[in-house]
Amino acid sequence: MRLDKYLKVSRLIKRRTVANEACDAGRVLVNGKPARASYDVKVGDTLEIAFGARTVRAQVLRVSETVRKEEADELFRILD
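A brief structural summary. (Residues numbered from 1 in each chain as written. Predicted model: local features only at pLDDT ≥ 70, side-chain atom pairs only at ≥ 80, totals over all residues. Heavy atoms only, no water.)

Here we look at the overall build of the protein
Okay, step 1: Each helix and strand in the protein was counted, giving 2 helices and 5 strands.
Okay, step 2: Listed N to C, the secondary structure of the protein is α-α-β-β-β-β-β in terms of helices and strands.
Okay, step 3: Compactness check: the protein gives a C-alpha radius of gyration of 11 Å against a globular reference of 12 Å for 80 residues, within 12% of the reference.
Okay, step 4: Judged by the C-alpha coordinates and their principal axes, the protein covers about 30 × 25 × 20 Å.
Okay, step 5: Sequence separation of at least 24 residues holds for 36% of the intrachain contacts in the protein that already meet a minimum separation of 6.
Okay, step 6: Accessible surface, the protein as shown: approximately 5,000 Å² in total, 48% of it carbon and sulfur. (Helix = DSSP H or I, 4+ residues; strand = E, 2+ residues; numbered from the N terminus. Rg over C-alpha atoms; globule rule 2.2 N^0.38 Å. Contact = heavy atoms within 4.5 Å. Areas by Shrake-Rupley, 256 points an atom, 1.4 Å probe, with all protein chains shown as cover.)

Focus: the sheet that holds strand E2 (residues 33–34)
Okay, step 1: Spatially, E2-E1-E3-E4-E5 is the arrangement adopted by the 5 strands of the open sheet, whose pairing is antiparallel. Strands at the two margins of the open sheet, each flanked by one partner only, are E2 and strand E5 (76–78).
Okay, step 2: Alignment of strand E4 (residues 54–60) against E5, held across 3 bridges, turns out to be antiparallel. Residue pairing in the sheet places Ala 58 in a bridge with Ile 78 of E5. (Pairing = 2+ DSSP bridges.)

Points about the side chain of Asp 45
Okay, step 1: The topology assignment puts Asp 45 in the loop between E2 and strand E3 (46–51).
Okay, step 2: Although buried, Asp 45 forms no salt bridge, and the nearest oppositely charged side chain, Lys 42, lies 4.4 Å from it.
Okay, step 3: Among the polar contacts listed, one links the side chain of Asp 45 to the backbone nitrogen of Lys 42, at a separation of 2.9 Å.
Okay, step 4: Those residues within four positions of Asp 45 in sequence are excluded, and the remaining contacts are Val 30, Asn 31, Tyr 39, Asp 40, Ala 58, Gln 59 and Val 60. (Buried < 20%, exposed > 50% of the residue type's maximum accessible area, 1.4 Å probe, protein only. Lys, Arg positive; Asp, Glu negative; His and termini not counted. Salt bridge = Lys/Arg side-chain N within 4 Å of Asp/Glu carboxyl O. Polar contact = N/O pair within 3.5 Å; in protein donor to acceptor, adjacent residues only side chain to side chain.)

The values reported here are purely geometric and, on their own, carry no functional implication.
Rendered as structure tokens:
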């Protein structure tokens, strides 16, 4: 699954266009490296997303095309 779509489905970022812009701006790292929106997310990847002064680190636990809102937090685990 594409990185921008994963960020939206997992609800780490609310909209896919915002996720796409964050990737283009270099605010999303996958395994410590800047990632493009088209990066193919795999189980075990570590995501770092910069939200202004705050950075969120999460590990991918599951990749799913669709998920209910209540189950979105089962797709990843927050690190730190």
